[in-house]
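# Geometric and topological summary
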Amino acid sequence: MSGLRTLGEFVVEKQADFPHASGDLSSLLASIRLAAKIVNREINKAGLVDITGAVGTENVQGEAQQKLDLYANEKFKAALEARDQVCGVASEEEDETVSFDRDKNQHAKYVVLMDPLDGSSNIDVNVSVGTIFSIYRRVSPVGTPPTLEDFLQPGHKQVAAGYVIYGSSTMLVYTTGAGVNGFTYDPSLGTFCLSHENMMIPDVGKIYSINEGNYIRFPKGVKKYIKYCQENVPEDGRPYTSRYIGSLVSDFHRNLLKGGIYMYPSTQSHPDGKLRLLYECNPMAFLAEQAGGTASDGKRRIMDIDPKELHERVPFFCGSKEMVAKVEQFIAENPED
Ligand code: AHM
Ligand code: MG
């Protein structure tokens, strides 16, 4: 194939677009790429756990089986620490931020926030899961340990963000603020190859993705939007479609390609929704906007929210521009009592 380009080549090529780029971000992305390959290998073996021993037991080699989300957390941390570009990470799997102590890391200028294995409850049933990552420049002085402020930055300060989807094929999709590009993993080559250049989400879509089991607990505006999708037929005469995997990366990825909206609203018992602002919503919002879509908490742009806590949750509406605008309109017209 004449146009075959690997992720590594692409990242270096794009680096040339930034005149003062030091190569640190390219190197950081290489760490993520490597950890993704390792996690991918392990996920592909997951079904065998039932044969070789369940989680918590020992496998045939006498090694303890580790839960895959913890495994992914360890691999991503190790890959990021090994390359000197990152001074610390925050992860869904860690209560507190993690500072990398080596001198070289302390002199690094980036922090990474991640959900190492999102949707991991789906692994048992062979449904796609993903890794989500978000990269910021630290605000604390280089040469010192990272502080909480380095991690509590609004999404519009992100330097890069992306996800890996471990699906029927494995893909890495990322942005550095100059569009969104997707790379499909070729296991025979051990390489991610550019397969989806300059991804754009359609302005209008047909797919709405939400856990409708929570319907009676949703805010009035969201209920009305769901009814709107069910009762209205768009101009081309084909009705809306409901699709919900329950794995954010997979639902987002499908909607990015086909056009649609992903929603995780507040519910009566979870007034801030379920998803985490810093390592689930912000990176997805950055990707959505770079692909021509939008992301909102129902009222505000996600990337304008000033985070207060590391594991803060936020209602999330993300995807095709016109669909997000429509649900925001219903929410505005139906204020809660
Ligand atoms: P997790 O980080 O514990 O995996 O939770 C996040 C996941 C998302 O991937 C998914 O969209 C959502 O939770 C599904 O939640 P629910 O089962 O409530 O619909
Ligand atoms: Mg998650």
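Being a predicted model, the structure only gives us computed values, none of them experimental.

## A closer look at the coordination of the magnesium ion (ligand 2)
In this structure, Glu92 (OE), Asp115 (OD), Asp118 (OD) and Glu280 (OE) serve as the protein donors to the magnesium ion (ligand 2), at separations of 1.9 to 2.6 Å. Sequence positions of the donors to the magnesium ion (ligand 2) reduce to the motif E-x22-D-x2-D-x161-E. Residues Asp115 and Asp118 agree in their burial class; the two are buried.

## What to know about the site of ligand 1
Asp118, Tyr244, Leu248, Tyr262 and Tyr264 are the nearest of the 15 residues found near ligand 1. Between ligand 1 and Glu92 there is a distance of 2.9 Å, counted from an oxygen atom to a side-chain nitrogen or oxygen. For ligand 1, an oxygen atom lies 3.1 Å from a polar atom in the side chain of Glu280. In isolation ligand 1 offers 470 Å² of accessible surface; the protein chains occlude 78% of this area. Of all the secondary-structure elements, those providing two or more residues to the shell around ligand 1 are strand S3 (110-118) and strand S11 (260-264). Of the residues contributing to the shell around ligand 1, the split by class is 5 nonpolar, 5 polar and 5 charged. Counting residues domain by domain, the shell around ligand 1 receives three or more from each of domain 1 (7-196) and domain 2 (207-333).

## What to know about the sheet that holds strand S2 (residues 98-99)
Spatially, the 8 strands line up as an open sheet ordered S2-S1-S3-S4-S5-S6-S7-S8, and their pairing is mixed. Two strands in the sheet have a free side with no partner beyond their single neighbour: S2 and strand S8 (191-196). For strand S1 (residues 86-91) and S2, the ladder comprises 2 bridges, and the chain directions are antiparallel. Looking at the pairing, Val89 lines up with Val98 of S2. Across the face of the sheet, helix H1 (residues 7-15) comes into contact with strand S6 (170-175), strand S7 (180-186) and S8 while running at roughly 5° to S6. The strands touched by helix H8 (residues 248-258) within the sheet are S3, strand S4 (129-137), strand S5 (160-166), S6 and S8, with S5 carrying the most contacts at an inclination of about 105°.

Criteria and thresholds
Residues numbered from 1 in each chain as written. Chains lettered and ligands numbered in written order. Predicted model: local features only at pLDDT ≥ 70, side-chain atom pairs only at ≥ 80, totals over all residues. Heavy atoms only, no water. Donors = N, O, S within 2.8 Å, 3.2 Å for Na, K, Ca; no water. Buried < 20%, exposed > 50% of the residue type's maximum accessible area, 1.4 Å probe, protein only. Near = heavy atom within 4 Å. Polar contact = N/O pair within 3.5 Å; in protein donor to acceptor, adjacent residues only side chain to side chain. Areas by Shrake-Rupley, 256 points an atom, 1.4 Å probe, with all protein chains shown as cover. Helix = DSSP H or I, 4+ residues; strand = E, 2+ residues; numbered from the N terminus. Nonpolar A, V, L, I, M, F, W, Y, C, P; charged D, E, K, R; others polar. Domains from an automatic or database assignment. Pairing = 2+ DSSP bridges. Contact = heavy atoms within 4.5 Å. Axes fitted to C-alpha atoms, helices over the stretch in contact; angles between N-to-C directions.

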